[in-house]
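Chain residues, written in single-letter form:
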Amino acid sequence: MVNGEWSIGQIGVIKFLHYGTGMKKTTHKFSNSSVDYYLDSGFSHLRKIVDQKNAVILTDENVFNYHRQRFKGWNIIVLVPGEEFKVQSTADIVIEELLGMEAGRKTTLVGIGGGVITDVTGYVASVYMRGIPFGFIPTTILAMVDASVGGKNGIDVGVYKNMVGTIRQPKFILHDLIFLNTLPQNEWENGFAEVIKHACIKDAAMFRELETNSIRTYRKGKKSICDLIQRNVFLKTRVVKQDEFEKGERRLLNFGHTLGHALENMYDLSHGQAISIGMTYASVISEKITGFKEANRVTKLLQQYDLPTFSEFDRKKVFDILKMDKKREKNEINYVLLNKIGKGIVKPIPLSQLENLISNI
Ligand SMILES: NC(=O)c1ccc[n+]([C@@H]2O[C@H](COP(=O)([O-])OP(=O)(O)OC[C@H]3O[C@@H](n4cnc5c(N)ncnc54)[C@H](O)[C@@H]3O)[C@@H](O)[C@H]2O)c1
Ligand SMILES: [Zn+2]
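The numbering scheme is per chain: residues are counted from 1 as the chain's sequence reads. Here chains are named by letter from A upward and ligands by number from 1 upward, in the order in which they appear as written. Whole-chain, interface and lining totals are the exception, using all residues; otherwise, since this is a predicted model, local features are given only for residues with pLDDT of at least 70 and side-chain atom pairs are given and counted only at 80 or more. Computation of side-chain values: all heavy atoms of the structure, hydrogens and water removed.

A short note on the side chain of Ser-126
Phase 1 of the analysis: Among the structural elements, Ser-126 can be located in helix H4 (residues 115-127).
Phase 2 of the analysis: From its side chain, Ser-126 meets the backbone oxygen of Gly-122 in a polar contact 2.6 Å long. Only runs of H or I of at least four residues qualify as helices and only runs of E of at least two qualify as strands under DSSP, and these elements are numbered from the N terminus. The definition of a polar contact used here is a pair of N or O atoms within 3.5 Å, where within protein one atom must be able to donate a hydrogen and the other to accept one, and adjacent residues in sequence count solely through side-chain atom pairs.

Next up, the structure:
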């Protein structure tokens, strides 16, 4: 990506200039802590939130290379980008770096990047010295609307996604939409998969808004993307607040993820592509189980945002991975289905029935 000479000017995207220079803050209470959201903000405000000398930024090479000048004066650890590095050995490297920097209990770890960076940041900060404060500046749509919100932070183990991790809230989340100026098109698509997920399970009005738009229109409209991101952050926050430790409502956020996670690492798909396929199959399964009638509308919207839907995959192998899903309880798996657009539900489905359903779509 760094070598790809991707340039904003060439594809005519309006730059987010001087966007959000205020310090508007909202505070959200979770069970054990509260999180400050600075969503109309800018990177420069980070200095006002954390003590620069007592903070370490964790980012990846892409974000660092595109935005190098912004990081001057900060302690920084730069990781190689990629989901394949969201593993324990990367966490170990970060821990060693932190030790080398003499980071202590009062050091704040600030993750600036996509979901891989926010996950590694939250995970390492939760275990380093039994827990240090951390905050996020998400720089992808996906990380803004999803990965940075809710306090789940995990790493992958082999093909098993997020198999090891923690639930611990960051101290703050700060958005600076200027980062989106350098986000490649495929990463916009990736992020819109989670936006569509939110619309499917909870927000029929947002679903309709998405139907009348496209990535192109959102990339052009500074206000529309800003509003859409915030709507999604607050939607996810509401769901998580009701059920931080995933006993009920929060499970809805796994719409498309059970099958999606099984596909993601096996076929080297992006997270968004994988859950897009997962949502397609979950919508069709919903038609068979809940009487949902609009699977076509869901697949049409996914296609409109350049996301994959029905796909060839090795049903048996994928099912073997899917059986290890964290949502499995004995011989049943809690599957997220749709009653209608904007209304997700969780239904336990016996594994044998699920295998049958997926094999026949
Ligand atoms: N913890 C959670 O609740 C949660 C929720 C959803 C997803 N996730 C995790 O998030 C990850 C996916 O997130 P992602 O898609 O953001 O992945 P990512 O962190 O790999 O970022 C995608 C790519 O975009 C690059 N990038 C990031 N910001 C950029 C910018 N502003 N300009 C240019 N390039 C930029 C990155 O270097 C990377 O190559 C997965 O590991 C997934 O499991 C976690
Ligand atoms: Zn996801």
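Some points on the coordination of the zinc ion (ligand 2)
Ideal geometry at a metal gives 109.5 degrees between four tetrahedral donors and either 90 or 180 degrees between six octahedral ones.
Phase 1 of the analysis: Note on donors: an N, O or S atom is included if it sits within 2.8 Å of the metal, or within 3.2 Å for Na, K and Ca, and water is never included, so sites can look incomplete. Summarising the metal site, the zinc ion (ligand 2) is bound by the protein donors Glu-194 (OE), His-257 (NE2) and His-271 (NE2), whose distances to it range over 1.9 to 2.1 Å.
Phase 2 of the analysis: Linear spacing of the donor residues for the zinc ion (ligand 2) on their chain is E-x62-H-x13-H. With a gap of 14 residues between them, His-257 in helix H10 (residues 257-266) and His-271 in helix H11 (residues 271-289) connect regions that are remote in the sequence. An identical accessibility class is assigned to His-257 and His-271; each is buried. The buried label applies to any residue whose accessible area, calculated with a 1.4 Å probe on protein chains only, is under 20% of its type's maximum; exposed applies above 50%, and partly exposed to all values in between.

Section: the site of ligand 1
Phase 1 of the analysis: Near ligand 1, the surroundings consist of 29 residues, among which Asp-60, Glu-83, Thr-139, Lys-152 and Thr-182 are the closest.
Phase 2 of the analysis: In this structure, an oxygen atom belonging to ligand 1 sits 2.8 Å away from a side-chain N or O atom of Asn-62.
Phase 3 of the analysis: Within the side chain of Thr-139, an N or O atom sits 2.7 Å from a nitrogen atom of ligand 1.
Phase 4 of the analysis: When the free accessible area of ligand 1 is taken as 870 Å², the share hidden by the protein chains comes to 93%.
Phase 5 of the analysis: Listing elements by their share of the shell around ligand 1, those giving two or more residues are helix H2 (61-66), H4, helix H5 (141-147), strand E8 (160-167) and helix H6 (185-202).
Phase 6 of the analysis: Looking at side-chain class alone, the shell around ligand 1 contains 10 nonpolar, nine polar and 10 charged residues. Any residue with at least one heavy atom within 4 Å of a molecule or strand is counted as near it. What sets the accessible areas is the Shrake-Rupley method with a 1.4 Å probe; for residues, cover comes only from the shown protein chains. Three classes are used, and their members are as follows: Ala, Val, Leu, Ile, Met, Phe, Trp, Tyr, Cys and Pro are nonpolar, Asp, Glu, Lys and Arg are charged, and the others, Gly among them, are polar.

Some details on the pattern of salt bridges
Phase 1 of the analysis: A side-chain nitrogen of Lys or Arg and a carboxyl oxygen of Asp or Glu constitute a salt bridge if their distance falls within 4 Å. On inspection of all chains with the given rule, the structure shows 20 salt bridges.
Phase 2 of the analysis: The shortest N-O distance in the salt bridge between Asp-156 and Lys-86 comes to 3.9 Å. Remark: Lys-86 occurs in the loop between strand E4 (75-79) and helix H3 (88-100) and Asp-156 occurs in strand E7 (residues 152-157); sequence separation between them is 70 residues.
Phase 3 of the analysis: Overall, Asp-156 belongs to the buried group, its relative accessible area being 5%.
Phase 4 of the analysis: The exposure class assigned to Lys-86 is buried, which follows from its relative accessible area of 3%.
Phase 5 of the analysis: When salt bridges that share partners are traced, they join Glu-83, Lys-86, Asp-119, Asp-156, Lys-161 and Glu-264 into one network.

Considerations on H10
Phase 1 of the analysis: Among the 10 residues in H10, eight count as buried, and that is most of the element.
Phase 2 of the analysis: Taken together, the buried positions of H10 are His-257, Thr-258, Leu-259, Gly-260, His-261, Ala-262, Leu-263 and Glu-264.
Phase 3 of the analysis: The inward-facing, buried residues of H10 abut E8, H6, H11, helix H13 (315-322), strand E11 (332-340) and helix H14 (351-359).
Phase 4 of the analysis: Following H10 by one or two positions, Asp-268 has its phi on the positive side, about 55°. Here a residue-residue contact requires only that any non-hydrogen atoms of the pair lie within 4.5 Å.

Quick word on the pairing of strand E2 (residues 34-38)
Phase 1 of the analysis: A large share of E2 lies buried, amounting to four of its five residues.
Phase 2 of the analysis: Note on pairing: DSSP must find at least two bridges between two strands before they are called paired. Here strand E1 (residues 26-29) folds back onto E2, and the loop between the two strands holds four residues.
Phase 3 of the analysis: Here E2 runs beside strand E9 (residues 172-174); their pairing, made up of three bridges, is parallel. Among the inter-strand pairings, Tyr-37 is bridged to a residue of E9, identified as Ile-173.

Limitation: the analysis is restricted to geometry and does not speak to function.
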